[in-house]
Amino acid sequence: MTVTPEQAGGGCATCQGTGWILDDASGGRVARRCHCLLDLRRQNLLDRARIPRRYRNCTLANFDALNDSLRHALKIARKFVKDYPAPDVGLLFIGPCGVGKTHLVAAVLQELVLKKNVFCVFTDFRDLIREIQSTFSPDSVISESDVLAPVFQCEVLVLDELGAKRTTAWVEETVFYIINHRYNNKKMTLFTTNYPDTEAEEDSRDTMYKKGGDSLVDRIGVRLRSRIYEMCKVVEMDGDDYRKTVKQAGYRF
Ligand SMILES: [Zn+2]
């Protein structure tokens, strides 16, 4: 839902809440948008991006790139924002817990919203699956299409913690459908995952129970992994535990 300047209180002294300013130009009066309308649009976009509260202060400028792999990841994130909408592939950040993958993707989304007015949506893989599953319940007040609409429609989607929850074949099918739909519509998706990728071309899971190893392919299946590889540049991030190092560096004894 978009808020208008009037609904926001109309307190703007520049335009008296109309959202427009009339300038006297040589050929007559010219209307232009007031800054308050632009600020409001940006705020609406930021709200729709649903960046989790703990990541809202994450920027590319305050990302601590403590080693070469993190500096490389930051450079790629910066380039993605700078070049957007030109990039024709998204990004898949792979690395252990604590290296700052979520910080980086949250920062990319914020910059795309604030600098380029892009409609972005942040989703956590586990939350998305939970939301899809909750719509299967007969007394659910929201439908699957309500859950999926922003995920399909946004220009740039973050899918954080890919593979962090084991899924059923049905949910796996839904996730493939979402990702494939975005791929076919040339929409960018940014993924993060803790699961290392191996060269394995097959998942080692038991077909009935989908239990198996802990590589990316074991968690999301062969088909989804190969689709993601077609639509993303892979960026590996490694290092000492990022949060621990930064936090410890902040302590003074
Ligand atoms: Zn105004």
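What you see is a predicted model, and the numbers here were worked out from it, not measured in a lab.

A.B. asks: I would appreciate a short explanation of helix α2 (residues 68–83) in the present structure.
C.D. replies: Note: α-helices contain 3.6 residues per turn, so residues at a spacing of three or four share the same orientation. The end-to-end C-alpha distance of α2, which contains 16 residues, comes to 22 Å, matching closely the 22 Å that a straight helix rising 1.5 Å per residue would cover. Ser-69, Leu-70, Ala-73, Leu-74, Ile-76, Ala-77, Phe-80 and Val-81 are the residues of α2 that are buried. Down the axis of α2, the sector holding all buried residues measures 160°, keeping them to one side. Across from the buried face of α2, at angles greater than 90 degrees, the exposed residues are Asp-68, Lys-75, Lys-79 and Lys-82. You can read the cap of α2 off the contacts: a side-chain oxygen lies 3.0 Å from the backbone nitrogen of Ser-69, and it is on Asn-67.

A.B. asks: Can you help me understand unusual backbone geometry in this one?
C.D. replies: Backbone phi values are negative for most residues with the exception of glycine, while trans is the configuration of most peptide bonds. The step from Tyr-84 to Pro-85 runs through a cis peptide bond, and the omega angle for that step is 10°. Among the secondary structure elements, Pro-85 is positioned in the loop between α2 and β3 (90–94). For Asn-117, which is not a glycine, the phi torsion comes out positive at approximately 50°. Mapped onto the elements of the fold, Asn-117 is located in the loop between α3 (101–116) and β4 (120–124). Backbone geometry places Glu-161, a non-glycine residue, at a positive phi of 60°. Within the fold, Glu-161 resides in the loop between β5 (156–160) and α6 (169–184).

A.B. asks: Can you walk me through the pairing of β5 in this structure?
C.D. replies: On a regular strand, one side chain projects to one face of the sheet and the next to the other, so that they alternate. Buried residues dominate β5, accounting for 5 of its 5 residues. Alternating positions in β5 separate into two faces, Val-156, Val-158 and Asp-160 on one and Leu-157 and Leu-159 on the other, with burial throughout. When β4 meets β5, the two strands line up parallel, connected through 5 bridges. Considered in β5, the bridge of Thr-123 is made with Leu-159. Looking at chain direction, β5 and strand β6 (residues 188–193) are connected through 4 bridges and run parallel.

A.B. asks: Would you mind showing me how to read the sheet that holds β6 here?
C.D. replies: The strands making up a sheet associate through backbone hydrogen bonding, with each pair oriented either parallel or antiparallel. One open sheet accounts for 5 strands, arranged β4-β5-β6-β3-β7; its pairing is parallel. Each having just a single partner strand, β4 and β7 (232–236) make up the two edges of the open sheet. Going from strand to strand, the sheet's axes swing by 15° on average, the running direction of each strand aside. Of the strand pairs in this sheet, β3 and β7 are connected by 5 bridges, and their pairing is parallel. The residue bridging Leu-92 from the neighbouring strand is Val-234, located in β7.

A.B. asks: Honestly, the nonpolar core in this entry has me stumped. Any pointers?
C.D. replies: One recurring pattern in soluble globular proteins is that nonpolar side chains are buried together. With 64 residues, the main nonpolar core has Leu-104, Leu-112, Val-156, Ile-179 and Ile-228 as its most contacted residues. The element best represented in this core is α3, accounting for 8 residues. Among the nonpolar cores identified, the runner-up in size contains 5 residues, and Cys-12, Cys-15, Ile-21 and Cys-34 belong to it.

A.B. asks: Explanation requested: the side chain of Glu-111 in the structure shown.
C.D. replies: In this fold, Glu-111 is placed in helix α3. The contacts of Glu-111, once residues within four sequence positions are left out, are Leu-60, Val-81 and Lys-116.

A.B. asks: What should I look at first to understand the pattern of salt bridges in this one?
C.D. replies: Between side chains of opposite charge, pairing is possible as soon as their charged atoms come close. For the structure shown, the criterion picks out 11 salt bridges. In this structure, Glu-161 engages Arg-126 in a salt bridge whose closest nitrogen and oxygen atoms are separated by 3.9 Å. Here Arg-126 lies in helix α4 (residues 125–134) and Glu-161 lies in the loop between β5 and α6, a separation of 35 residues in the sequence. Since its relative accessible area comes to 17%, Glu-161 is described here as buried.

A.B. asks: It is not clear to me how the packing of α2 against α3 should be interpreted in this structure. Could you clarify?
C.D. replies: Closest axis-to-axis distance for the α2/α3 pair is 10 Å, and the angle between their directions is 25°. Classified by the angle their axes make, α2 and α3 are roughly parallel. As for how α2 packs across α3, the hand of that crossing is right-handed. Across the interface between the two elements, Ala-73, Leu-74, Ala-77, Phe-80, Val-81, Lys-82 and Asp-83 of α2 pack against Leu-104, Val-108, Glu-111, Leu-112 and Lys-116 of α3. A class-by-class count of the residues in the contact of α2 with α3 yields 8 nonpolar, no polar and 4 charged.

Basis of the calculations
- Residues numbered from 1 in each chain as written.
- Predicted model: local features only at pLDDT ≥ 70, side-chain atom pairs only at ≥ 80, totals over all residues.
- Heavy atoms only, no water.
- Helix = DSSP H or I, 4+ residues; strand = E, 2+ residues; numbered from the N terminus.
- Expected span 1.5 Å × (residues − 1).
- Buried < 20%, exposed > 50% of the residue type's maximum accessible area, 1.4 Å probe, protein only.
- Arc of directions from axis to C-beta.
- Polar contact = N/O pair within 3.5 Å; in protein donor to acceptor, adjacent residues only side chain to side chain.
- Pairing = 2+ DSSP bridges.
- Axes fitted to C-alpha atoms, helices over the stretch in contact; angles between N-to-C directions.
- Core = buried A, V, L, I, M, F, W, Y, C linked by side-chain atoms within 4.5 Å.
- Contact = heavy atoms within 4.5 Å.
- Salt bridge = Lys/Arg side-chain N within 4 Å of Asp/Glu carboxyl O.
- Parallel < 35°, antiparallel > 145°, perpendicular 65-115°, else oblique.
- Left-handed = near helix turned anticlockwise from the far one by under 90°.
- Nonpolar A, V, L, I, M, F, W, Y, C, P; charged D, E, K, R; others polar.

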